[in-house]
Amino acid sequence: VRWPKYIRIQRQKSVLLMRLKVPPTINQFKHTVDRNQSDKLIKLLTKYAPETRKQKKERLVKEAEIKNAGKDPKKEGPKPTVLKYGLNHITSLIEEKKAQLVVIAHDVEPIEMVLFLPTLCRKMGVPFCFVKGKARLGKLVHKKTATAVALTDVKKEDVAELDLLKKNFQAEFNDNRDLLRKWGGGVMGIKNQHMMTARKRQQEIEMA
């Protein structure tokens, strides 16, 4: 079977990442939240998904009607609490310490785009975590993919749940010094492993 080129490249890349030694700053992206916590987090984030194009159109029509009636549309109801997305927007929210929780995708390409985010979150004391799948985050904000999303505020009924997640992620990611020490990769192929074992055995015989 001759696989398509993009699949061959994907496989070659995964093998290369296994072979090469990966520094801790990049390797930390492999440490994602477990399935149980991930489900709770996605469930919470889904409640604060931003409006779709259809909802936006309906809102703008309603605002236009209010404006035609001679009222100020901005005074009609409180500002909605929604997920924030977009790398530049999230970066500014973290710098201003407005973000309460930052969720970063583990498979962003190129990784350099989000490499600074964990360091910035640690510096500003904002809890963060890594989740599997940029497409999963993209689905929350009605896009194909999203590098990261952030929560700035939640409703009263979700405060306790958010505080629990923040506490868990603070311990698991922000305060976890092992993430910044642990290198990844360096796993050689099975042939190479057999060769090194045989060479070591030969050296032991010679030393005896």
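For the structure, check the block above.
Residues numbered from 1 in each chain as written. Predicted model: local features only at pLDDT ≥ 70, side-chain atom pairs only at ≥ 80, totals over all residues. Heavy atoms only, no water.

It is worth spelling out the overall build of the chain at this point. A tally of helices and strands in the chain yields nine helices and six strands. Relative to the 2.2 N^0.38 estimate, which gives 17 Å for 208 residues, the radius of gyration of the chain is 23 Å and therefore markedly larger than a compact globule would have. For the chain, the spread of C-alpha atoms along the three principal axes comes to 95 × 45 × 30 Å. Out of the 208 residues in the chain, the part that is buried amounts to 32%. Pairs at least 24 apart in sequence give 83% of the contacts found in the chain among residues at least 6 apart. (Helix = DSSP H or I, 4+ residues; strand = E, 2+ residues; numbered from the N terminus. Rg over C-alpha atoms; globule rule 2.2 N^0.38 Å. Buried < 20%, exposed > 50% of the residue type's maximum accessible area, 1.4 Å probe, protein only. Contact = heavy atoms within 4.5 Å.)

Another aspect to go through is the nonpolar core. Counting residues in each nonpolar core, the largest one holds 43 residues, and the members touching the most others are L41, I94, V102, V103 and I104. At the level of secondary structure, the elements contributing two or more residues to this core comprise α3 (35–47), α5 (87–95), β3 (101–105), α6 (117–124), β4 (128–131), α7 (134–140), β5 (148–151) and α8 (159–174). A total of five residues in this core trace back to one element, the largest contributor, which is β3. (Core = buried A, V, L, I, M, F, W, Y, C linked by side-chain atoms within 4.5 Å.)

Pairing within the open sheet is mixed, and its four strands lie in the order β2-β5-β3-β4. Single-partner strands in this sheet number two, and they are β2 (84–85) and β4. Here β3 pairs with β5 via four bridges, running antiparallel. Considered in β5, the bridge of I104 is made with A148. (Pairing = 2+ DSSP bridges.)

Between α5 and α6, the shortest axis-to-axis distance is 9 Å and the interhelical angle comes to 20°. Judged by the angle between their axes, α5 and α6 are roughly parallel. Seen along the crossing, α5 lies across α6 with a hand that is left-handed. Touching L87, T91, I94 and E95 of α5 are L117, L120, C121 and M124, all from α6. (Axes fitted to C-alpha atoms, helices over the stretch in contact; angles between N-to-C directions. Parallel < 35°, antiparallel > 145°, perpendicular 65-115°, else oblique. Left-handed = near helix turned anticlockwise from the far one by under 90°.)

Counted under the stated rule, the structure contains seven salt bridges. Between R59 and E63 there is a salt bridge, with its nearest N and O atoms 3.1 Å apart. Here R59 and its partner E63 are both found in helix α4 (residues 53–68), four residues apart, which amounts to about one turn of the helix. What emerges from the salt-bridge pattern is a single network uniting E51, R59 and E63. (Salt bridge = Lys/Arg side-chain N within 4 Å of Asp/Glu carboxyl O.)

As a further point, take the packing of α3 against α8. Packing of α3 against α8 brings their axes to within 11 Å, and their N-to-C directions diverge by 135°. By the criterion of interaxial angle, the relationship of α3 to α8 is oblique. Crossing geometry of α3 relative to α8 is assigned as left-handed. Residue-level contacts link Q37, K40, L41, L44 and K47 of α3 to E161, L162, L165, N168, F169 and E172 of α8. Residues belonging to the contact of α3 with α8 are distributed by class as follows: five nonpolar, two polar and four charged. (Nonpolar A, V, L, I, M, F, W, Y, C, P; charged D, E, K, R; others polar.)

Another aspect to go through is the environment of Q203. For Q203, the location among the structural elements is in helix α9 (residues 190–207). Linking Q203 and E157, residues 46 residues apart in sequence, is a C-alpha distance of 66 Å.

Side chains F128 and F130 of β4 all project onto a buried face; the interleaved residues C129 and V131 project onto the opposite face, where all are buried too. In this sheet, β4 lies alongside β3 in parallel orientation, the contact comprising four bridges. Bridge pairing links A105 to V131 in β4. For the crossover that starts at β3, traverses α6 and ends in the parallel β4, the hand is right-handed. (Right-handed = clockwise from strand over helix to strand, strands pointing away.)

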